[in-house]
Amino acid sequence: MPTEHLFVDGALAAADMARRIAVVLGDAIAARGVATIALSGGRSPRPVLEALSGAALEWDKVVVTLVDERWVAADHADSNERLVRETLLQGAAAKARFVGMKNDAADAYAGQAACETALAELPWPLDIVLLGMGEDGHTASLFPEAKELAEGLSTHALTVAVTPPAAPHQRMSLSARAILKSRHIFLQIGGAAKKAVYDRALAGGPVEELPIRVALCQHGVSVEVWISE
Ligand SMILES: O=C1O[C@H](COP(=O)(O)O)[C@@H](O)[C@H](O)[C@H]1O
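Let us look at the structure shown here. (Residues numbered from 1 in each chain as written. Predicted model: local features only at pLDDT ≥ 70, side-chain atom pairs only at ≥ 80, totals over all residues. Heavy atoms only, no water.)

So, the packing of helix α2 (residues 46-53) against helix α3 (residues 80-87)
- Packing of α2 against α3 leaves a shortest axis separation of 8 Å and a crossing angle of 40°. Taking contact as the criterion, the partners of R46, L49, E50 and S53 in α2 are, on α3, L83, V84, E86 and T87. (Axes fitted to C-alpha atoms, helices over the stretch in contact; angles between N-to-C directions. Helix = DSSP H or I, 4+ residues; strand = E, 2+ residues; numbered from the N terminus. Contact = heavy atoms within 4.5 Å.)

A few points about the site of the ligand
- Not every one of the 13 residues close to the ligand is listed here, only the nearest: R43, S44, D68, H138 and K194.
- At 3.3 Å from an oxygen atom of the ligand is found a side-chain nitrogen or oxygen belonging to R70.
- R171 is positioned such that a nitrogen or oxygen atom in its side chain is 3.1 Å from an oxygen atom of the ligand.
- Surface burial for the ligand is 92%, taken as the share of its 390 Å² of free accessible area covered by protein chains.
- Of the residues in the shell around the ligand, the class split is two nonpolar, six polar and five charged. (Near = heavy atom within 4 Å. Polar contact = N/O pair within 3.5 Å; in protein donor to acceptor, adjacent residues only side chain to side chain. Areas by Shrake-Rupley, 256 points an atom, 1.4 Å probe, with all protein chains shown as cover. Nonpolar A, V, L, I, M, F, W, Y, C, P; charged D, E, K, R; others polar.)

Quick look at the sheet that holds strand β9 (residues 182-190)
- Across the sheet, which stays open at both edges, the seven strands sit in the order β1-β10-β9-β6-β2-β3-β5 with parallel pairing between neighbours. Whereas interior strands pair on both sides, the edge strands pair on one side only; in this sheet they are β1 (3-7) and β5 (97-99). Neighbouring strand axes in the sheet, compared pairwise and without regard to direction, differ in orientation by 20° on average.
- As paired strands, strand β2 (residues 35-39) and strand β3 (residues 62-66) are joined by five bridges and run parallel to one another. Residue T36 lies in a different strand from β3, and its bridge partner there is V63.
- In the packing of helix α7 (residues 192-202) onto the sheet, contacts are made with β1, β9 and β10 (222-228), and the angle to β9 comes to roughly 135°. (Pairing = 2+ DSSP bridges.)

Okay, here's the thing in structure tokens:
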């Protein structure tokens, strides 16, 4: 069972999550001289990343990558890289090493091999994989109805190129294997609709129905969930 942190307020949940991330990254630096974190995109992580940016860490020893990315330019409003650069990688935190997923290839499928090579050079397992979840139960860009879902759940590769069934832009996503190649999985669940999906996922069933079960229905990696109303 995941460890659940319950909050009435999303801002308090974000601040608490940022504090916990900083502790885990600091411990990783003390133990191994380097700390690694993969970040999700979307709306939920923004306040966490803004708070984390002010943490007193040896940022030059932190490596930041992504859980998923939209195949758009790094200055596009939908770019997860842009989100991370604008929120986390500011001030002292700008010293962190950022390894993004988007490259110059024309589409995500053509760019997957180079992205795989870039991510393979990181020190695995990652210390933290920070996940979000959509109301359809997707996590990273492992969407229930995507034609690449089976590949994302079964591949030995770290990454999978995806065309979302009902969202804009091709994506690059960590595979299930990569998500589980981590020391800690942290998950944000905000609002009643996501909480209902989270509860249904925890109750068990096929991972193809609710891909968040990749993280929730396994015993190898510790999972902490920040739940807010
Ligand atoms: O498409 C995505 O959605 C999920 C959830 O996003 P949110 O905006 O509801 O927080 C996110 O975790 C994922 O990284 C993103 O690409």
